[in-house]
Amino acid sequence: MKKPPKLTKAPLAPGIEVKTSLIDGKGCFATAPFKKGRKIAEYVGEKISRREIARRLKGRRRIHICGINSYWAIDGRDTGNGTQYINHSCQPNCFVRIMHEHIIFFAKRDIAPGEEILLDYEESYHTDKKLCQCGAPNCRGKINK
Ligand SMILES: [Zn+2]
């Protein structure tokens, strides 16, 4: 049998670190200030197709797959730069833009060093039943919008 290619972990993106999250598992934290509107980092990892996405979603509780479009996605689980640990919050401090098939995180407001970087996933590969535990006052109770 052919051995799968060895996956190489990307270096941590500048200005972030990974440590225990206040919300779930590991989280992504700012180590530098990010001004509102500034790019934080790109979501990097393995580019996978729809069929592979479906295969990987089976039985995984933690999902690190971020969609580019209806066909392609990036799986940052083993090869991400730290941004794969960005947790969902209903009161996020970052947002995502997809530009030429690159997934880029931007600061939604000024972010201070030490803050956990949080994104509203809106439409994720989680099921619509997956409950949210972000703790925000405006929490909608579910991860998907
Ligand atoms: Zn919530």
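Residues numbered from 1 in each chain as written. Predicted model: local features only at pLDDT ≥ 70, side-chain atom pairs only at ≥ 80, totals over all residues.

1. Side note on the pairing of strand β9 (residues 102-107)
Then step 1. Strand direction decides the pairing type here: strand β3 (residues 39-42) and β9, joined by 3 bridges, are antiparallel. The residue of β9 that forms the bridge with Glu42 is Ile104.
Then step 2. Bridging between strand β8 (residues 94-99) and β9 involves 6 bridges; their strand directions are antiparallel. In the strand pairing of β9, Val96 is matched with Phe105.
Then step 3. From the end of β8 to the start of β9, which pair antiparallel, there are 2 residues, and His100 there has a positive phi angle of about 50 degrees. (Pairing = 2+ DSSP bridges. Helix = DSSP H or I, 4+ residues; strand = E, 2+ residues; numbered from the N terminus.)

2. Some thoughts on the nonpolar core
Then step 1. Judged by nonpolar contacts, the single largest core of 25 residues is most densely connected at Ile86, Phe105 and Ile117.
Then step 2. Secondary-structure elements contributing two or more residues to this core are β2 (26-30), β3, β5 (65-67), β6 (73-75), β9 and β10 (118-119).
Then step 3. It is β2 that provides the largest number of residues to this core, a total of 3 residues.
Then step 4. The contacts of Phe105, once residues within four sequence positions are left out, are Ile40, Ala41, Tyr43, Thr83, Ile86, Cys94, Val96 and Leu119. (Core = buried A, V, L, I, M, F, W, Y, C linked by C-beta atoms within 7 Å. Buried ≥ 20, exposed ≤ 12 C-beta atoms within 10 Å, placed from the backbone. Contact = placed C-beta atoms within 7 Å.)

3. Here we look at the environment of Glu42
Then step 1. Looking at where Glu42 falls in the secondary structure, it is placed in strand β3.
Then step 2. Counting along the chain gives 40 residues from Glu42 to Gly82, while the straight-line C-alpha distance between them is 9.8 Å.
Then step 3. The contacts of Glu42, once residues within four sequence positions are left out, are His102, Ile103 and Ile104.

4. What about the environment of Pro113?
Then step 1. Residue placement: Pro113 occurs in the loop between β9 and β10.
Then step 2. Classification of Pro113 by C-beta neighbours within 10 Å gives exposed; the count is 12.
Then step 3. Each C-alpha atom, one on Pro113 and one on Gly15, is 8.4 Å from the other, the two residues being 98 residues apart in sequence.
Then step 4. Leaving out residues up to four positions away in the same chain, Pro113 has contacts with Ala30, Thr31, Ala32 and Pro33.

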